[in-house]
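Report on the structure
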Amino acid sequence: MQIQVVKSKIHRVRVTGADLNYIGSITIDEELMKAANIIEGEKVSIVNINNGERLETYVIKGVPGSGEVTLNGPAARKVQKDDIIIIISYGIMDFEEAKKFKPVIIFPDETTNRLR
């Protein structure tokens, strides 16, 4: 049996932009992506701490070290600049493997979105 488990999490990061007219996705600073073991194109869940909204989208690389976290396209209707969000990715694995698996969870500085 296979189950879906948390693979990676960027816990409490500040939204730096919301671009309704972009094609879609979330742009994340590449340094945060690497630290959280998230790759470009990966499906992620977004949880907005400010308003309780939850959504799914995919990741595109932002400029390394920029602190950028921008929701693009329709997702921009569910967040505002300066909202605090949690970004979660999941993996599918065998049940026994999942029991031993440890997700990568990072806690960036909420003000700058940079790694501590």
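Right above here is the structure, for reference.
Criteria and cut-off values
Residues numbered from 1 in each chain as written. Predicted model: local features only at pLDDT ≥ 70, side-chain atom pairs only at ≥ 80, totals over all residues. Heavy atoms only, no water. Helix = DSSP H or I, 4+ residues; strand = E, 2+ residues; numbered from the N terminus. Contact = heavy atoms within 4.5 Å. Core = buried A, V, L, I, M, F, W, Y, C linked by side-chain atoms within 4.5 Å. Buried < 20%, exposed > 50% of the residue type's maximum accessible area, 1.4 Å probe, protein only. Pairing = 2+ DSSP bridges. Axes fitted to C-alpha atoms, helices over the stretch in contact; angles between N-to-C directions. Patch = residues over 30% accessible without salt bridge, like charges linked within 9 Å, V, L, I, M, F, W, Y side chains within 5 Å. Areas by Shrake-Rupley, 256 points an atom, 1.4 Å probe, with all protein chains shown as cover. Salt bridge = Lys/Arg side-chain N within 4 Å of Asp/Glu carboxyl O.

Structurally, the position occupied by Gly 91 is in strand 7 (residues 84-94). For the pair Gly 91 and Val 6, spaced 85 residues apart in sequence, the C-alpha to C-alpha distance is 6.3 Å. The residues contacting Gly 91, other than those within four sequence positions of it, are Ile 3, Gln 4, Val 5 and Lys 7.

Locating Ala 18 in the fold gives a position in strand 2 (residues 17-19). Along the sequence, Ala 18 and Glu 110 sit 92 residues apart, while their C-alpha atoms lie 17 Å from each other.

In terms of nonpolar packing, the biggest core is built from 20 residues, with Ile 10, Ile 26, Ile 28, Ile 46, Leu 71, Ile 85 and Ile 87 touching the most fellow members. Elements with a minimum of two residues in this core: strand 1 (2-14), strand 3 (25-29), helix 1 (30-36), strand 4 (43-48), strand 5 (54-62), strand 6 (69-72) and strand 7. Considering every element that reaches this core, the biggest residue donor is helix 1, with 3 residues. Dropping the residues within four chain positions of it, Ile 87 is found in contact with Ser 8, Lys 9, Ile 10, Val 13, Ile 26, Ile 28, Ile 38, Val 44, Ser 45, Ile 46 and Val 69.

With that settled, consider the sheet that holds strand 1. The strand order across the open sheet built from 8 strands is 2-6-3-5-4-7-1-8, with neighbouring strands paired in mixed fashion. Every other strand in the sheet has two partners, leaving strand 2 and strand 8 (104-106) as the edge strands with one partner each. Neighbour-to-neighbour, the strand axes of this sheet turn through a mean angle of 30 degrees, independent of strand direction. When strand 4 meets strand 7, the two strands line up antiparallel, connected through 4 bridges. Bridging across to strand 7, Ile 46 finds its partner in Ile 87.

Considering the arrangement of structural elements, one finds Tyr 90 in strand 7. Classification of Tyr 90 by relative accessible area gives partly exposed; the value is 33%. Here the alpha-carbon distance between Tyr 90 and Ile 49, two residues 41 residues apart in the chain, equals 19 Å. In this view, Tyr 90 contacts Gln 4, Val 5, Val 6, Lys 7 and Ser 45; residues no more than four positions away in its chain are not counted.

On to a nonpolar patch on the surface, then. A contiguous nonpolar surface patch, about 340 Å² in accessible area, is contributed by Tyr 22, Ile 23 and Tyr 58. With respect to the helices and strands, Tyr 58 occurs in strand 5. Accessibility expressed as a relative area gives 37% for Tyr 58, which makes it partly exposed.

Moving on, we get to the side chain of Ser 45. Within the secondary structure, Ser 45 sits in strand 4. Take Ser 45: its relative accessible area is 11%, and that puts it in the buried class. Setting aside chain neighbours within four positions, we find Ser 45 in contact with Leu 55, Glu 56, Ile 86, Ile 87, Ile 88 and Tyr 90.

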